[in-house]
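Results of the structural survey
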Amino acid sequence: MPNFIMSYLGSTLTPGQAGNQFWALMYVLIIFAGVSVAVMCMNWIERKALAHFQIRLGPMRVGPHGLLQPFADALKLMLKEDIIPAEADQFVFWVAPLIGLLAAFTVYTVIPFGPSQAVSDMNIGILFMLGVSSLGVLGIVVAGWASNSHYPLIGALRSSAQMVSYEVAMGLAIVSAIMMTSMNASGTGTLSMIEIVRAQQHQGIWFIFKFFPLGFIAFGIFAVAMVAETNRAPFDLAEAESELTAGFHTEYSGLRWSLFMLAEYAAMIAVSSIAVTLWLGGWLRPFPNLLHAPAWDFLFSLFPGLTFLALGAIAVVGTARMPSHSFFKIQRIGLGIFAALLGSIGLLLLLIAVAGNSANLAVAARFSEGITYVYWFMLKVAIFMYLFIWYRATWPRYRFDQLMRVGWKVLLPISLGVLILTAIVGVVVS
Amino acid sequence: MSIPEKEGTSDLSPGTLGLGRASFEGSNLERETPGKAYLDSNELIINMGPQHPATHGVLRVILKLDGEKVLGTECVIGYLHRGVEKIAENRTYTMFNPYVDRMDYCAAVSNGLGYCEAVEKLMNVEAPPRAQYIRVILTELNRIASHQLWLGTHALDIGAMTPLFYTFRDREEILKIFERYCGARLTTHAFRIGGCQYETYAGFEKDVKNFLTFVAPKIDEYETLLTTNRIWLERTKNVGVISAADAIALGVTGPVLRASGVQWDLRKAQPYANYSRFDFEIPIGTNGDTYDRYLVRMMEMRQSLRIIEQAVDAIPEGPIMGKVPKVIKPPVGEIYHSIEAPKGELGYFIVSDGSTQPYRLRVRPPSFVNLQALDVMVRGLLVADVVAVIGTIDIVLGEVDR
């Protein structure tokens, strides 16, 4: 195998830093595919979870428990007629979803799934992230304008105002987290996503708990602002169904519409990743400094495999609980295969973890380590994704002026106050 | 972005929007259009409906907007017009009875009650006591079902998805009782002129009592979701305010009127059926805003439960049909009879020429009259509030258009 492929496995740098273009490209592909799959899974999970909040079953027909529903949806959307309204600005209408998608996916360049599990580690990572994710609003505004129709226009205007105003509070909350990174021996802070997580490891505390409750409040502001930033309930005014039919994407259908959906969910995962990186210790497993003995390392490296085994067990229970009528035979077999798939992934992960611990296999150890990092990162992100669904099931929608009031008159002053207090406390403590 | 007004479209300037048509002592209907933004921006005229998720059917509202601020509205109705009143002139009194179910299809039992009582009053007959009790029980059940439907859709309009499914789950129990009683769930045709067609089924009382114990905690559940929900409060308090004087001047009735602080409920004011036998209260609001209307309806559901509880305990034995001839031929004359439907005063004006068919039948539907308060309520508010106010008025287009 060429050296540049293997060399990366021994490196502790991201491919971007190491100048390893092959792995950088591989990472880009893996992340693009992975996020697309994650969005499809989110689609299913959101529909199921929302349904269960609302005493419904959700999708049940396409595949066992609707497991194939996302595929069916994707297929349907791709096969649909591609409609561009006669009055629309053709080119801009065409390019708008791509802008949104591009903005949402470019953010992933700097998201650290692990210390070396990122495309690149920019020294201005968080700035890059904020800048690029803000571009997403351009796609929405352009889409609303190009549709040349009233509802999309209003939706786009709402959305742009909303995203711009919440960006401010969001940025200030982020600054207070970045200030916390400078509380180390050398006294220099960092904007690099990877270094921010490392700083949390060195200081032995997740920034959410740092200078309690300052870190917690900053995190809370970010948690609210990120919901508004991604146009999700209760801040989903841009696509408020009952008011603007579908908001900025009213005129969109088929594949273009699905690109907007893809961008929205990708943006949700991206902002959750920022929150996890800044406040929840990124890829760090719980108590990495306290429980740092190799035995603990081994125990925590078993978690990914055990999680998949548990999911497989749930699927097995689901298979057993299916009606025994022959009508459900295919469904039963399908769910059984799904259970076997999950179970075998779990076993594989366990095997890697055990091999990495016991045998002297550097590659297995490296893989096991990487899997653990990615697992803890994704688990934290998954919690945020669940919260997004939970909000949607629980709350009514804010009105536009109220949304603006919350953004400018509540979140902004609080985040300013937190920023100043963090600075003062930081100086006093150091 | 300005849309050139085509010839023939309605002029939406405030002076011609129909305001000032009603005047009532203390009423302040000739309100000025809220001040325009100092920056000159073009007004936007958009169509909300007839195909729109939040207009509860086929209502078309033409909105004149300055940005998001509503400068004026005009309701265009008639998309569901079926000529119910004209049909009545070509049907016998008995044949017309099922048609009224199709007006307010969310409260078909109330419609039937109003019609049957109006004809009975015209013929000077009275339904026997047992029939009266059955009527009251079913009508009040229907009131709860109607309010549940209102709550679910209203909450959905404001963006809360979940209450809709909870209310539909519980409304189902009422529909089951209807189905067991008369075979139909929605357009029930439960009553006949002179009483009821069907005797209650075995276990009717038990079903109703079970429902009472079932639904009381569910109403608490809705309230847990919404009553103290911060966003719900912000979206409904001081939104769509209508003063008592304005409401009276516009002829608004039902919970919308009562939320403005007017204690006017035909069940107490002009008792019909045997409502005077029951002990219940008329909940009223103070501010006349969307939140008060929400509270009034929630309290009304509880009061309906009280009425049903008393009625089901006291239901007497006896015949269910009064002495009504096979062919109904009311004497020459005219009658106006109105009842308190879930949405307000539902009146029937019938002119009889002594034949088997009404000479003229006119319905006073509560939704139709209440809907004209929309413009007064939403001026100066935002687009999002229009949706909330349409929901809070609780219209059913089948009834508005007839």
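Residues numbered from 1 in each chain as written. Chains lettered and ligands numbered in written order. Predicted model: local features only at pLDDT ≥ 70, side-chain atom pairs only at ≥ 80, totals over all residues.

Details of the overall build of chain A
Along its length, chain A carries 17 helices and zero strands. The C-alpha radius of gyration of chain A comes to 23 Å, within 12% of the 22 Å expected for a compact globule of 430 residues. In chain A, once contacts between residues fewer than 6 apart in sequence are set aside, the share between residues at least 24 apart is 76%. (Helix = DSSP H or I, 4+ residues; strand = E, 2+ residues; numbered from the N terminus. Rg over C-alpha atoms; globule rule 2.2 N^0.38 Å. Contact = placed C-beta atoms within 7 Å.)

Comments concerning the interface of chain A and chain B
Counting residues at the interface gives 24 residues for chain A and 27 residues for chain B. When contributions to the side of chain A that touches chain B are tallied by element, the ones reaching two or more residues are α8 (150-180), α11 (241-244), α16 (362-394) and α17 (400-429) of chain A. Of the residues that constitute the side of chain A that touches chain B, the class distribution is twelve nonpolar, six polar and six charged. (Nonpolar A, V, L, I, M, F, W, Y, C, P; charged D, E, K, R; others polar.)

A look at the pairing of strand β2 (residues 60-66) of chain B
Residue and element names in this part refer to chain B. Inspection of the sheet shows strand β1 (residues 44-48) paired to β2 by five bridges, in the antiparallel sense. Counted as the bridge partner of I45 is K64 from β2. When β2 meets strand β3 (residues 69-76), the two strands line up antiparallel, connected through seven bridges. Note on β3: the bridge partner recorded for R60 is V76. A loop of two residues connects β2 with β3, the two strands running antiparallel in sequence, and G67 in this loop sits at a positive phi of about 70°. (Pairing = 2+ DSSP bridges.)

Some thoughts on the packing of α8(A) against α17(A)
Each pair of packed helices can be summarised by the angle the axes make with each other and by the distance between the axes. All names here are of chain A. The N-to-C vectors of α8 and α17 enclose an angle of 15°; their axes lie 9 Å apart at closest approach. Comparing the axis directions of α8 and α17 gives the class roughly parallel. Two packed elements cross with a definite hand, and for α8 against α17 that hand is left-handed. (Axes fitted to C-alpha atoms, helices over the stretch in contact; angles between N-to-C directions. Parallel < 35°, antiparallel > 145°, perpendicular 65-115°, else oblique. Left-handed = near helix turned anticlockwise from the far one by under 90°.)

Description of the sheet that holds β2(B)
Residues and elements named next belong to chain B. A sheet is described by the order of its strands in space; here three strands give the open sequence β1-β2-β3, paired in antiparallel fashion. Looking at strand neighbours, the two that pair on one side only are β1 and β3, the edges of this open sheet. Averaged over neighbouring strand pairs, the angle between their axes works out to 20° when direction is ignored.

Quick look at the environment of L374(B)
Residues and elements named next belong to chain B. Relative to the assigned elements, L374 resides in helix α13 (residues 374-378). When the C-alpha atoms of L374 and M299 are compared, they prove to be 23 Å apart, with 75 residues separating the residues in sequence. What L374 contacts, discounting residues up to four positions off in sequence, is T73, C75, V389, I390 and I393.

What about the sheet that holds strand β6 (residues 333-341) of chain B?
All names here are of chain B. Across the sheet, three strands lie side by side as β6-β7-β8; this open sheet has antiparallel pairing. Only two strands of the sheet have a single neighbouring strand rather than two, namely β6 and β8 (358-364). Taking each pair of neighbouring strands and ignoring which way they run, the sheet shows an average axis angle of 15°. The pairing of β6 with strand β7 (residues 344-352) spans nine bridges and is antiparallel. Bridge assignment links G333 to a residue of β7, and that residue is S352. Seen against the sheet, helix α3 (residues 108-123) touches β6 and β7 and runs at an angle of roughly 150° to β6.

Quick notes on the packing of helix α15 (residues 329-358) of chain A against α16(A)
All names here are of chain A. It is the contact of α15 with α16, at a shortest axis distance of 8 Å, that shows an interaxial angle of 125°. Considering their axes alone, α15 and α16 lie oblique with respect to each other. Every pair of crossing elements has a handedness; the one defined by α15 and α16 is left-handed. Of the residues in α16, those touching α15 at L349, I352, A353, A355 and G356 are A364, A365, F367, S368 and I371.

Looking at the domain arrangement of chain A
All names here are of chain A. With domains assigned, chain A is organised as domain 1 (33-79), domain 2 (93-284 + 402-430) and domain 3 (285-398). Relative placement of domain 2 and domain 3: their C-alpha centres are 27 Å apart. With 26 residues of domain 2 at the contact, the number on the domain 3 side is 19 residues. Listing elements by their share of the side of domain 2 that touches domain 3, those giving two or more residues are α12 (254-279) and α17. Among the elements that take part in the side of domain 2 that touches domain 3, α12 stands out by supplying six residues, more than any other. (Domains from an automatic or database assignment.)

Some details on the nonpolar core
Generally speaking, nonpolar side chains in soluble globular proteins are found buried as a group. Grouped together as the largest cluster of nonpolar side chains are 238 residues, with contacts concentrated most on A225(A), A266(A) and V386(B). The element contributing the most residues to this core is α12(A), with 16 residues. Each residue touching A225(A), except ones within four places of it in the same chain, is listed here: Y166(A), A169(A), M170(A), A173(A) and L411(A). (Core = buried A, V, L, I, M, F, W, Y, C linked by C-beta atoms within 7 Å. Buried ≥ 20, exposed ≤ 12 C-beta atoms within 10 Å, placed from the backbone.)

Digging into the confidence of the model for chain B
Residues and elements named next belong to chain B. This prediction gives chain B a mean pLDDT of 84; 90% of its residues lie at or above 70. This model gives residues 1-25 a pLDDT under 50, and the stretch forms 29 contacts once residues within four places in sequence are excluded. Every residue in residues 27-32 scores below 50 in pLDDT, and together they form 14 contacts with partners more than four places removed in sequence or on other chains. (pLDDT = per-residue confidence, 0-100.)

So, the domain arrangement of chain B
Considered domain by domain, chain B is made up of domain 1 (14-76) and domain 2 (84-401). Placing the centre of domain 1 of chain B and that of domain 2 of chain B at their C-alpha centroids yields a distance of 28 Å.

With respect to α17(A)
With 30 residues, α17(A) extends 41 Å from end C-alpha to end C-alpha; this agrees with the ideal 44 Å at 1.5 Å per step. Within α17(A), the axis deviates most sharply at L411(A), by approximately 35°, and proline P413(A) lies no more than four positions further along. Those residues of α17(A) not exposed but buried are F400(A), L403(A), V406(A), G407(A), L411(A), S415(A), V418(A), L419(A) and T422(A). Against α8 and α10 (214-229) of chain A together with α14 (383-393) of chain B lie the buried residues of α17(A). (Expected span 1.5 Å × (residues − 1). Bend = angle between axes of the 7 residues up to and from the residue.)

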